[in-house]
Each structure stands twice: as structure tokens, then as C-alpha cells.
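# Descriptive structure summary
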Amino acid sequence: MFVLVNLKAYPCDPVAVATAAHEVSESTGVRIAIAPQAAHLSAVADTGVETWVQHVSPVEHGSHTGSTLAEAAADAGAVGALLNHSENRLKLADLDASLDAAERVDFETIVCANDPDQIAAAAALGPDAVAVEPPELIGTGTPVSKADPDIVRDAVDAAAAVDASVDVLCGAGISTGEDLASAQDLGAEGVLLASGVAKADDPRAALEDLVDPVA
Ligand SMILES: O=C[C@H](O)COP(=O)(O)O
């Protein structure tokens, strides 16, 4: 199972969370990556943890003030890009161009989507993986793998029907090892989570509990 922890814009210590994630990953053998704010990419990558960027802009080098350039994210140590998150939705043409930008720097890519129909559309764009996240469950602590298991099963089937090489992650409300095990049972290859770690009093303990079923 792949665990991608999105720190969003939460007021956590990104280096402390990344250090804990790296150590838990090393000690358990479970793949854990951290997606911090773009300004924190270098500091997070320096901990040794697998580092992802939360978004890349659909642009090349040029006059694009305020953009997140894929090359800059790669220079800062990112190796993957999360795209089309529910909190940062892209127009279809921009999503396609952001995937092109990520491919320029050989990033691994995950495209987020709300439901199985959108998962099929996202898989058709050729990312490495897709992540199904019902927006209404994000940040609630109610795990999608229990609250709406059919959406995970249907997303796995929808992605496989388009391109069997595209992995499916699930996200929204995931925080415990039980949630992760349920996601795995439903066919997910990984989980995408945020508040369960970024807002935890003890992020290391939260990560240890999360990966325990697959460690
Ligand atoms: O990127 C992460 C997802 O939006 C899930 O967030 P959450 O774990 O706080 O529900």
C-alpha cells in the first residue's frame, strides 16, 4: 500500500511530520510520501522522505507569475505530483497540460476525482494513479472506505476498464489502520490522507497506527 500524506495548508511542522514519515517508512517497509506546501519542498525532501508536490501548473518556463513550475518542484526534490485535488480542481485542458508538465520532469502522477465516472475520465488521461475522494467526506474523520465502500469498489472497476495499469487510491476521512485495511480490501492500492496526520497531536503515532496492518 502507498500512503500519500497531503499537508494541504495546515499549520503543522512539515519537517517534523516528514521526519516521522521517513522513519516509520524505513522501519516498517511501507511506502509513505509527504506532499507539503511548495515552499517547504526542499526542507521536506532533505529529511529523506519521498516528497510530492500538491499541484503543478500547466505551464513551461516563461511569464507565469504565481505558478508552480514542474521543473522548480523537481529541483526542490519532489518526485511526484498530486493533480486536480478537490480543493484545486482543474479544467480538463489544464489537467492534461499539468500532466504533460509533470511528465517533462518524470514525476509520478496521481489525479484526484470525485466519483467512479470521473475516475474513468481521469484514468483516460494516462496518470500513474487516480484517487477517488468524495468531497463531502474530506476532513470529517469518517472514512470513505467505511462510509461509502461502493464508491471505492466502483472506482477500482472504472479505472481497470479504462487502463488496468492505473492504480487506484482512496481518500477522505482515512486516519486509522482499520481504515487503511478496509481500503485495501476494497481493491485500493493506497490511501490519500491529510488531517489524520497533519492535525494529529502525535503525527508519528498516527502514522504507526495507520500502516500497522500492512507493516
Ligand atoms: O488530500 C487529502 C484528502 O483531501 C483527504 O483529506 P482528509 O484525510 O483530511 O479527509
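Structural data are supplied above this passage.
Small disclaimer: the values here were computed from a predicted structure and weren't measured.

## Some words on the site of the ligand
Taken together, the residues surrounding the ligand are Asn6, Lys8, His85, Glu133, Ile138, Gly139, Ala172, Gly173, Leu192, Leu193, Ala194 and Ser195. In this structure, lysine 8 approaches the ligand through a side-chain N or O atom, which is 2.8 Å from an oxygen atom. A distance of 2.8 Å separates an oxygen atom of the ligand from a polar backbone atom of alanine 194. Here the ligand, which alone exposes 300 Å², has 100% of that area covered by the protein. A breakdown of the residues in the shell around the ligand according to their chemical character gives five nonpolar, five polar and two charged.

## Looking at the pairing of strand E3 (residues 50-53)
Where strand E2 (residues 31-35) lies against E3, two bridges are found, and the strand directions are parallel. Paired with alanine 33 across the strands is glutamate 50, a residue of E3. Of the strand pairs in this sheet, E3 and strand E4 (residues 80-83) are connected by two bridges, and their pairing is parallel. Along E4, the bridge assignment pairs valine 53 with alanine 81.

## Things to note about the state of the cysteines
Scanning the entire structure with this criterion turns up zero disulfides. For the unlinked cysteine cysteine 12, the closest cysteine sulfur is that of cysteine 112, found at 18 Å. Cysteine cysteine 170 remains unbridged, with the sulfur of cysteine 112 as its closest cysteine sulfur at 12 Å.

## Here's the deal with a negative patch on the surface
Together, Glu60, Asp96, Asp100, Glu103, Asp106, Asp128, Asp167 and Glu189 make up a negatively charged patch on the protein surface. In terms of residue count, the dominant contributor to the negative patch is helix H4 (residues 92-104) (three residues). Note on placement: glutamate 60 falls in the loop between E3 and helix H3 (70-75). Residue classification places glutamate 60 among the exposed residues on the basis of a relative accessible area of 53%.

## Things to note about the pairing of strand E7 (residues 167-171)
Most of E7 sits inside the fold, with four of its five residues counted as buried. Bridge count between E7 and strand E8 (residues 190-193): three bridges; the pairing is parallel. Of the residues in E8, the one forming a bridge with glycine 171 is leucine 192. This β-α-β element, E7 to helix H8 (residues 177-185) to E8, shows right-handed connectivity.

## Digging into helix H5 (residues 116-123)
Of all the residues in H5, the buried ones are Pro116, Ile119, Ala122 and Ala123. Seen from one end, H5 has its buried residues packed into an arc of 110°, which puts them on one side. Tucked inside the fold, the buried residues of H5 contact strand E5 (108-113), strand E6 (129-132) and helix H7 (149-162).

## A few points about the side chain of serine 182
Relative to the helices and strands, serine 182 is located in helix H8. Beyond its immediate chain neighbours, meaning those up to four positions away, serine 182 contacts Ser145 and Lys146.

So, how was this worked out
- Residues numbered from 1 in each chain as written.
- Predicted model: local features only at pLDDT ≥ 70, side-chain atom pairs only at ≥ 80, totals over all residues.
- Heavy atoms only, no water.
- Near = heavy atom within 4 Å.
- Polar contact = N/O pair within 3.5 Å; in protein donor to acceptor, adjacent residues only side chain to side chain.
- Areas by Shrake-Rupley, 256 points an atom, 1.4 Å probe, with all protein chains shown as cover.
- Nonpolar A, V, L, I, M, F, W, Y, C, P; charged D, E, K, R; others polar.
- Pairing = 2+ DSSP bridges.
- Helix = DSSP H or I, 4+ residues; strand = E, 2+ residues; numbered from the N terminus.
- Disulfide = S-S within 2.5 Å.
- Patch = residues over 30% accessible without salt bridge, like charges linked within 9 Å, V, L, I, M, F, W, Y side chains within 5 Å.
- Salt bridge = Lys/Arg side-chain N within 4 Å of Asp/Glu carboxyl O.
- Lys, Arg positive; Asp, Glu negative; His and termini not counted.
- Charge placed at Lys NZ, Arg CZ, Asp CG, Glu CD.
- Buried < 20%, exposed > 50% of the residue type's maximum accessible area, 1.4 Å probe, protein only.
- Right-handed = clockwise from strand over helix to strand, strands pointing away.
- Arc of directions from axis to C-beta.
- Contact = heavy atoms within 4.5 Å.

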